[in-house]
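Spelled out from the first residue to the last, the chains are:
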Amino acid sequence: MPDNSTTPPATPLTRLSRQLDAARPYTLSLFRAVIGLLFACHGAAALFGVLGGVAGTGGTVEAGTWPGWYAAVIQLVGGILVMAGAGTRPAALVCSGSMAYAYFEAHQPTALWPLQNGGEPAAIFCWAFLLLVFTGPGPLSVTNLLRKTPARRPRAAKHP
């Protein structure tokens, strides 16, 4: 008698695929946190001279200079917000835009390809942040933590 079942037998590859699919939201949260941390480090280096400072010189960008100081503030504040998962989508949009600006203003005029013009970090950050604009923060974020309110007890009926 033929088997009329519509579910194919589980293979090791389909089992692995299901396990990876189950981990996807948490991997997205980890991706967001790492990208935000790395971006914030660039801002901290430029603003405070830590982690080697600007371009490894130990120096900082002068306050208020365009575009370096503003870029560093976006990197620090935006990176922290994205890392924490607080206002991820708007913060990631601003961060992505700042990296697109950096790429086209500072890198692309010197050569066509990012490998040739030193713009790989700007291009990768731009696309990583744009991905976060569309995916959101994932389940492990400050935004999701604040959304979850404790269960309320029903109010007792008032007796006259």
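This text goes with the structure placed above it.
Note that the coordinates shown come from a computational prediction; the quantities given were computed from them, not determined experimentally. (Residues numbered from 1 in each chain as written. Predicted model: local features only at pLDDT ≥ 70, side-chain atom pairs only at ≥ 80, totals over all residues. Heavy atoms only, no water.)

## Re the overall build of the protein
In step 1: Helix and strand counts for the protein stand at six helices and zero strands.
In step 2: When the helices and strands of the protein are listed from N to C terminus, the series reads α-α-α-α-α-α.
In step 3: Looking at the protein residue by residue over its 160 residues, the buried ones come to 28%. (Helix = DSSP H or I, 4+ residues; strand = E, 2+ residues; numbered from the N terminus. Buried < 20%, exposed > 50% of the residue type's maximum accessible area, 1.4 Å probe, protein only.)

## Description of the environment of A128
In step 1: Along the chain, A128 falls in helix α5 (residues 120-135).
In step 2: A128 gets classed as buried once you look at its relative accessible area, which sits at 6%.
In step 3: Placed 33 residues apart in sequence, A128 and C95 show a C-alpha to C-alpha distance of 9.7 Å.
In step 4: Not counting residues up to four positions away in its chain, the partners in contact with A128 are F31 and I35. (Contact = heavy atoms within 4.5 Å.)

## Topic: the pattern of salt bridges
When their charged atoms lie close together, side chains carrying opposite charge are able to pair.
In step 1: According to the stated counting rule, one finds one salt bridge in the structure shown.
In step 2: Among the salt bridges present, the one from R24 reaches D21, with a minimum N-O distance of 2.6 Å. Here the residue R24 and the residue D21 both occupy positions in helix α1 (residues 12-48), the gap between them amounting to three residues, near one helical turn.
In step 3: Overall, the relative accessible area of 53% leaves R24 in the exposed class. (Salt bridge = Lys/Arg side-chain N within 4 Å of Asp/Glu carboxyl O.)

## As for unusual backbone geometry
In step 1: For the bond from W66 to P67, the omega torsion is -5 degrees, close enough to zero to count as cis.
In step 2: Structurally, the position occupied by P67 is in the loop between α1 and α2 (68-84).
In step 3: Phi at L51 takes a positive value of approximately 55 degrees, unusual for a residue other than glycine.
In step 4: Tracing the chain through its elements places L51 in the loop between α1 and α2.

## Notes on the nonpolar core
In step 1: One finds F39, V82, A92, M99, F125, F129 and L132 to be the most contacted residues of the largest nonpolar core, which totals 16 residues.
In step 2: Secondary structure elements with two or more residues in this core: α1, α3 (88-107) and α5.
In step 3: It is α5 that provides the largest number of residues to this core, a total of seven residues.
In step 4: Aside from chain neighbours lying at most four places away, what touches L132 is L28, F31, R32, V82, T88, R89 and A92.
In step 5: Counting residues in each nonpolar core, the second largest holds seven residues, with A40, A44, L47 and L76 among its members. (Core = buried A, V, L, I, M, F, W, Y, C linked by side-chain atoms within 4.5 Å.)

## Brief notes about the side chain of R32
In step 1: Its location among the elements puts R32 in helix α1.
In step 2: Despite its burial, R32 pairs with no opposite charge; the closest candidate is D21, at 19 Å N-O.
In step 3: In this structure the side chain of R32 is engaged in a polar contact, spanning 3.0 Å, whose partner is the backbone oxygen of V82.
In step 4: In this view, R32 contacts V82, M83, A84, G85, T88, L132, P137, L140 and S141; residues no more than four positions away in its chain are not counted. (Lys, Arg positive; Asp, Glu negative; His and termini not counted. Polar contact = N/O pair within 3.5 Å; in protein donor to acceptor, adjacent residues only side chain to side chain.)

## Here we look at the packing of aromatic side chains
In step 1: Overall, the coordinates contain seven aromatic pairs when judged by the stated rule.
In step 2: Aromatic side chains F39 and F129 sit 4.7 Å apart centroid to centroid with 65 degrees between the ring planes, which places their arrangement in the edge-to-face category. Separated by 90 residues along the polypeptide, F39 in helix α1 and F129 in helix α5 bring together distant segments of the chain. As far as the burial class goes, F39 and F129 line up, both buried.
In step 3: Ring-pair connections join several aromatic residues into one group, and the members of that group are W66, W69, Y70 and Y101. (Phe/Tyr/Trp six-rings, centres within 6.5 Å; stacked < 30°, edge-to-face > 60°.)

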